[in-house]
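The lines below spell out each chain.
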Amino acid sequence: MFASVEDVQERLGKQSYICDKNIATVVFLASRLEKPVLVEGPAGVGKTELAKVVAAATGRNLIRLQCYEGLDEAKALYEWEYSKQLLYTQILKEKLSEVMAGATTLRDAADRVASEDSVFFSSRFIVPRPLLRSITSDEPTLLLIDEVDKSDPEFEAFLLEVLSDFQVSVPEIGTFDAKNKPIVFLTSNDAREMSDALKRRCLHLYIDFPNAELEQRILETKVPGVGQRLAEELIGVMQRLRKLDLKKTPSISETLDWARALLALNATSLDEGLVRDTLNVILKYEGDIKKAHAELGRLIARKAEDEAAKPAAAPGAAPAAAPAKKGALH
Amino acid sequence: MQQKLIDFTNLLRKSGVRVSVAETLDAFAALDEVSIGDREVFKDALRTTMVKRGDDIAAFEHLFDLYWSAFYDGLRDAFDKAAEGAGGGKLDLEALMRQIQEGLEKLPGAAPDLSELAKALLTQDLSKLEQLIREAAQQAGVGRIENMLQVGFFTRRTMEQMDAEGAGRQLRDLARQLRDAGMPDAQVDALMELVERYLDALRQSVRQFTERELQQRNYDYMEKFRRESLLEKSFYNLTEDEIRMMREVVTRLAHRIKNILSIRKRRLRKGKLDLHTMLRRNMAHGGVPFEVIYKHRKKDRPKLVILCDVSSSVANVSRFMLQFVYQLQECFNKIRSYVFVSELGEVTQLFKDLEVSQAIDKALDGGDVINVYTRSNFGHAFHDFWRNHLAAIDNKTTVLVLGDARNNYNDPRAWCLREVHNKAKNVVWLNPESPSAWGFGDSVMDKYRPYVDVAEECRNLRQLSRIVDKLVL
């Protein structure tokens, strides 16, 4: 477990996840207070990734439950294995008649069968689904309930027991208590407001788009080959793009994709043509791309001012990269 | 600290952030784990345990700064300045305090009895001072402050409540006693001056505190006012800024309705037994039907035809209605939209090509298909629709008319609407005027009313969301 907030930052950093103090504080508190964390924020800012790296940093197994509309308890909690139960009944038929051999009355026979109830309703016939699996696991686990907003409101009710008491009740058997309390992360894209009951049980973390400095650090960690100049220019454009009124605002994952794409094209600095040709890596809607094209002049112009302020070294590889870029994209 | 945190919780609640008791307890537990010394961490710990909605974060940040830092920082500033300014800026505060200490020991008899406030002032115990001011302010009822004019009054009452004058008197007495005990004049004078300056700083701080209290109350009031009123505010009179905010609200409302609809639809789905699928699904159980499968009854999504009046008198209303409807696009099978003033033109393609808000701007401008600078003529528009576009309607189509039915005394040609009504599933008319005005002046709403299944007043978002709910079911 984590010793302090700084420790969280450092250990997540080792997993190449750069986070600010806000995120680190919440992760630290979650591990100390043993409370689930509800992570909200726009798509692509690293909500799911956070859960993964915390699992890696703490050496826990990651158990992931992907939510979708129509997800029910049979898929999330546990399911009885009917066919196996049937099979066992068939095979054990003879044994059953042995058990009932001495019975004289119907009531007596029924009582005897009833006394063997626990054979058929035992954990032998339960198929554990992610929630139950994380509770009963012998190893400490990290449970990731991804995109919980996509699930139905009724599903939240199943979650409550797991989240507040770390236990799962199976009516026929009883209650499974957690052997090791899992760390729980829930992520949400805010498609639906979660119920107050659920929120009350969780710590809340809102991850927003990072500021330029943090984004640069993330970029340099995740895409090591990217030169400092390219990184700065790229992030400048991204930060300005986010200020436009776009249908889907590009987030960190798009920044990283773009950087990788530019690296593949051997680019060391951005120019208008290059941006124009690679915009489809970061913008996913036709309308957005058009809008960005219209604003392209402004994005580049702003950059030119920066350049005027500090004369940069002439990019050696840029001209050579131009033909390759055309080939790669069309 | 405990009391302070509970006060802060109350403040959050007053500002519309919902904080439960359990969450307050979490906050306490969290503060045990982290060092309070680090401001950022402290703030994050409070936020993560108490604020669970993205929308509330702004309010929290504002209140946090107001509550936790602004006052203490102000207090420190005031007293630092007071100490610096004393003795023409050449006063050695530490030396003076040491001498006072020595003087006090030499004092004949028992040391004079100082009130808590006097002690706190003399030793510059700022956190004690803060606590004293808070308590006094509470007793003086500063929480009830309502406007700027009361700041002076409550400041005075708070000062009286903690007996600032008494503390001042005690400190002056102390200085005199020290002089009698043989302390050099220069230092006694310095002490006297310092006491006056401290009292001044105290008055300033209390005033600051009162003003801040007023700000806190106002913040909550203004926020609430803004949210409430946007829902209620008539579309007719919106400023540019409000239009922008309105767009967000519209999107959120549309989002919510979509959610409600998806739940309702699911409930509707159960139908007849589906033998085929059930047998196959239950093969694993030896053909014994453990799981019962029903045929899903298909619920048709309605088709929608929108006839939208874009004359300048209703342009704002039309804007939001269109936006709302298009946010809900996936609830409909097909939408065709027409705009009219006098002529009628189809703008469906516009909505396909452009992004919603741009398309709406363009549509309200006539969308290059009609002339918007004429006088409204509903009769002409309906006739146009009946003659050229009646094929757009079938028995699954809902026709939605947005307009005020102010016909400028033209022929209403209500029979056109009757024909439309006969062919369509239903006709819905949203009118920004209230029903009492329908049929008066040049309004021909009464002529159209018999051929309209649902006619509703729709002037603000709350009414709009209620109607759209009806529309899609």
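Parameters at a glance
Residues numbered from 1 in each chain as written. Chains lettered and ligands numbered in written order. Predicted model: local features only at pLDDT ≥ 70, side-chain atom pairs only at ≥ 80, totals over all residues. Heavy atoms only, no water. Helix = DSSP H or I, 4+ residues; strand = E, 2+ residues; numbered from the N terminus. Buried < 20%, exposed > 50% of the residue type's maximum accessible area, 1.4 Å probe, protein only. Areas by Shrake-Rupley, 256 points an atom, 1.4 Å probe, with all protein chains shown as cover. Contact = heavy atoms within 4.5 Å. Axes fitted to C-alpha atoms, helices over the stretch in contact; angles between N-to-C directions. Left-handed = near helix turned anticlockwise from the far one by under 90°. Nonpolar A, V, L, I, M, F, W, Y, C, P; charged D, E, K, R; others polar. Salt bridge = Lys/Arg side-chain N within 4 Å of Asp/Glu carboxyl O. pLDDT = per-residue confidence, 0-100. Pairing = 2+ DSSP bridges. Buried area = accessible area lost by both parts, 1.4 Å probe. Polar contact = N/O pair within 3.5 Å; in protein donor to acceptor, adjacent residues only side chain to side chain. Core = buried A, V, L, I, M, F, W, Y, C linked by side-chain atoms within 4.5 Å. Parallel < 35°, antiparallel > 145°, perpendicular 65-115°, else oblique. Patch = residues over 30% accessible without salt bridge, like charges linked within 9 Å, V, L, I, M, F, W, Y side chains within 5 Å. Expected span 1.5 Å × (residues − 1). Phe/Tyr/Trp six-rings, centres within 6.5 Å; stacked < 30°, edge-to-face > 60°.

K.L.:
Help me out: how do you make sense of the overall build of chain B in this one?
P.N.:
Helix and strand counts for chain B stand at 19 helices and eight strands. Taking all 473 residues of chain B together, the buried fraction comes to 48%. By element, 49% of the accessible surface of chain B is carried by carbon and sulfur atoms, the whole surface being about 24,200 Å².

K.L.:
Explain the overall build of chain A to me, please; I cannot follow it from the model alone.
P.N.:
What chain A contains, in helices and strands, is 17 helices and nine strands. Looking at chain A residue by residue over its 330 residues, the buried ones come to 44%. Within chain A, contacts between residues separated by at least 24 positions form 76% of all contacts whose residues are at least 6 apart in sequence. Element-wise, carbon and sulfur atoms account for 52% of the exposed surface of chain A, whose accessible area totals about 15,600 Å².

K.L.:
Would you mind showing me how to read the packing of helix H6 (residues 116–123) of chain B against helix H7 (residues 126–140) of chain B here?
P.N.:
For any two helices packed against each other, one specifies the crossing angle of their axes together with the interaxial distance. Residues and elements named next belong to chain B. Between H6 and H7, whose axes approach to 8 Å, the crossing angle comes to 145°. Considering the relative orientation of H6 and H7, their crossing is left-handed. Together, Glu116, Leu117, Ala120 and Leu121 of H6 and Lys128, Leu129 and Leu132 of H7 make up the contact between the two elements. Class assignment of the residues belonging to the contact of H6 with H7 gives a composition of five nonpolar, no polar and two charged.

K.L.:
Would you take a moment to explain the pattern of salt bridges for this structure?
P.N.:
A side chain with one charge may pair with a side chain of the opposite charge, provided their charged atoms come close. Residues and elements named next belong to chain B. Scanning the model with the defined rule gives 36 salt bridges over all chains in all. Residue Arg172 is joined to Glu196 by a salt bridge in which the shortest nitrogen-to-oxygen separation is 2.7 Å. Of this pair, Arg172 sits in helix H9 (residues 164–180) while Glu196 sits in helix H10 (residues 185–232); the two residues are 24 residues apart in sequence, bridging distant segments of the chain. For Arg418, the salt bridge identified is with Glu419, shortest N-O distance 3.8 Å. Classification of Arg418 as partly exposed rests on a relative accessible area of 34%.

K.L.:
Would you explain the confidence of the model for chain A in this entry?
P.N.:
Atom-level detail of predicted coordinates should not be read off regions where pLDDT is low. When the pLDDT values of chain A are averaged, the result is 82; 90% of them are 70 or greater. The model gives residues 310–330 of chain A a pLDDT under 50, and that stretch makes 20 contacts with residues more than four places away or in other chains.

K.L.:
Can you walk me through the sheet that holds strand S2 (residues 61–66) of chain A in this structure?
P.N.:
Within a sheet, neighbouring strands are paired by backbone hydrogen bonds and run either parallel or antiparallel to one another. Residue and element names in this part refer to chain A. In spatial order, the strands read S2-S5-S8-S1-S9; together these five strands make up an open sheet with parallel pairing. Two strands close off the open sheet at either side, each with one partner strand: S2 and strand S9 (203–206). The average angle at which neighbouring strand axes cross in this sheet is 20°, direction not considered. Here strand S1 (residues 37–40) runs beside strand S8 (residues 183–188); their pairing, made up of four bridges, is parallel. Across the sheet, the residue bridging to Val39 is Thr187, located in S8. Sitting on the sheet, helix H2 (residues 21–33) is in contact with S1, S8 and S9, with an inclination near 160° to S9.

K.L.:
Mind showing me how you'd approach the interface of chain A and chain B here?
P.N.:
Interfaces are often sized by the amount of accessible area the parts lose when they come together. Taken together, the contacts link 31 residues of chain A with 31 residues of chain B. Each partner contributes to the roughly 2,600 Å² buried at the junction of chain A and chain B, and carbon and sulfur atoms together form 55% of this total. At the boundary of chain A and chain B, one finds three salt bridges. Where chain A meets chain B, there are nine residue pairs in polar contact (both at pLDDT 80 or more). Those elements that provide at least two residues to the side of chain A that touches chain B are H2, helix H5 (82–91), helix H10 (153–165), helix H11 (196–201) and S9 of chain A. Classifying every residue of the side of chain A that touches chain B gives 13 nonpolar, four polar and 14 charged.

K.L.:
For this particular structure, what's the right way to read the nonpolar core?
P.N.:
Looking at soluble globular proteins, one finds that nonpolar side chains tend to be buried together. Among the nonpolar cores identified, the biggest contains 53 residues, and Leu12, Leu50 and Phe185 of chain A together with Phe8, Leu46 and Met50 of chain B are the most heavily contacted of them. At eight residues, the largest contribution of residues to this core is made by H2 of chain A. Every residue in contact with Leu46 of chain B, bar those within four places of it in the chain, is listed here: Leu5, Phe8, Ala27, Leu31, Val51, Phe60, Phe64 and Trp68 of chain B. Residues Leu126, Leu132, Ile133 and Leu178 of chain B belong to the second largest nonpolar core, which totals 45 residues.

K.L.:
Would you take a moment to explain the sheet that holds strand S4 (residues 334–340) of chain B for this structure?
P.N.:
All names here are of chain B. Reading across from one edge, S5-S4-S3-S6-S7-S8 is the order of the six strands in this open sheet, with mixed pairing throughout. Both edges of this open sheet fall to strand S5 (344–346) and strand S8 (454–457), since each of them pairs with a single strand only. Averaged over all neighbouring strand pairs, the angle between strand axes comes to 20°, with direction disregarded. As defined by bridge partners, strand S6 (residues 397–402) adjoins strand S7 (residues 426–431) across five bridges and the pair is classed as parallel. Within the sheet, the bridge partner assigned to Leu400 lies in S7 and is Val428. Seen against the sheet, helix H13 (residues 315–327) touches strand S3 (303–309), S4, S6 and S7 and runs at an angle of roughly 165° to S3.

K.L.:
Sorry, what's going on with the pairing of S4 of chain B here?
P.N.:
Strand residues, when the strand is regular, have side chains that alternate between the two faces of the sheet. All names here are of chain B. Among the seven residues in S4, five count as buried, and that is most of the element. In this sheet, S4 lies alongside S3 in parallel orientation, the contact comprising seven bridges. Within S4, the residue paired with Ile306 across the bridge is Ser337.

K.L.:
Please clarify how the packing of helix H2 (residues 21–33) of chain B against helix H3 (residues 39–50) of chain B should be interpreted in this entry.
P.N.:
Residue and element names in this part refer to chain B. Look at H2 against H3: their axes get within 8 Å of each other, and the N-to-C directions meet at 150°. Classified by the angle their axes make, H2 and H3 are roughly antiparallel. In this structure, the crossing between H2 and H3 has a hand that is right-handed. The segment H2 lies against H3, with Glu23, Thr24, Asp26, Ala27, Ala30 and Leu31 engaging Phe42, Ala45, Leu46, Thr49 and Met50. Of the residues contributing to the contact of H2 with H3, the split by class is seven nonpolar, two polar and two charged.

K.L.:
I would appreciate a short explanation of a nonpolar patch on the surface in the present structure.
P.N.:
All names here are of chain B. Taken together, the side chains of Leu273, Leu275, Leu279, Val292 and Tyr294 present a nonpolar region at the surface, about 450 Å² in accessible area. Along the chain, the position of Leu275 falls in helix H12 (residues 275–281). Looking at Leu275, the relative accessible area reads 51%, which means it is exposed.

K.L.:
So what exactly am I meant to see when it comes to the pairing of S1 of chain A here?
P.N.:
Residues and elements named next belong to chain A. Burial along S1 is two-sided: the face carrying Val37 and Val39 and the face carrying Leu38 and Glu40 are both buried. With four bridges connecting them, S1 and S9 associate as parallel partners. The residue of S9 that forms the bridge with Glu40 is Tyr206.

K.L.:
Looking at this model, I keep getting lost on H13 of chain B. Mind explaining?
P.N.:
Since one α-helical turn is 3.6 residues long, residues separated by three or four positions face the same way. All names here are of chain B. With 13 residues, H13 ought to run about 18 Å at 1.5 Å a step, and its terminal C-alpha atoms sit 18 Å apart, in line with that. Buried residues dominate H13, accounting for eleven of its 13 residues. Buried within H13 we find Asn316, Val317, Ser318, Arg319, Phe320, Met321, Leu322, Gln323, Phe324, Val325 and Tyr326.

K.L.:
Even after reading the chapter, I still don't get the packing of aromatic side chains, so can you show me in this structure?
P.N.:
The geometry of an aromatic ring pair is captured by two quantities: the separation of the ring centres and the angle between the planes. Residues and elements named next belong to chain A. Enumeration over the complete set of coordinates arrives at 18 aromatic pairs over all chains. Ring geometry for Trp80 and Phe121: centres 5.1 Å apart, planes at 90°, overall edge-to-face. Residue Trp80 is located in strand S3 (residues 78–80), and its partner Phe121 is located in the loop between helix H8 (117–120) and strand S4 (126–128); the two are separated by 41 residues in the primary sequence. On the basis of relative accessible area, Phe121 is assigned to the partly exposed category, the value being 34%.

K.L.:
Help me out: how do you make sense of unusual backbone geometry in this one?
P.N.:
Where the residue is not glycine, phi is negative for most of them; where a peptide bond is considered, it is trans in most cases. Residues and elements named next belong to chain B. Positive phi, close to 55°, is recorded for Asn408, a residue that is not glycine. With respect to the element layout, Asn408 can be found in the loop between S6 and helix H17 (414–423). A relative accessible area of 23% places Asn408 in the partly exposed class. The phi torsion at Arg413 lies on the positive side, around 45°, for a residue other than glycine. Locating Arg413 in the fold gives a position in the loop between S6 and H17.

K.L.:
Can you walk me through the environment of Arg336 of chain B in this structure?
P.N.:
Residue and element names in this part refer to chain B. Assignment of secondary structure puts Arg336 in strand S4. When its relative accessible area of 25% is taken as the criterion, Arg336 is described as partly exposed. Through-space distance from the C-alpha of Arg336 to that of Val305 is 4.9 Å; in sequence the pair is 31 residues apart. Excluding anything up to four places from it in sequence, Arg336 contacts Leu304, Val305, Ile306, Glu346, Thr348 and Ala392. A polar atom in the side chain of Arg336 sits 3.0 Å from the side chain of Glu346.

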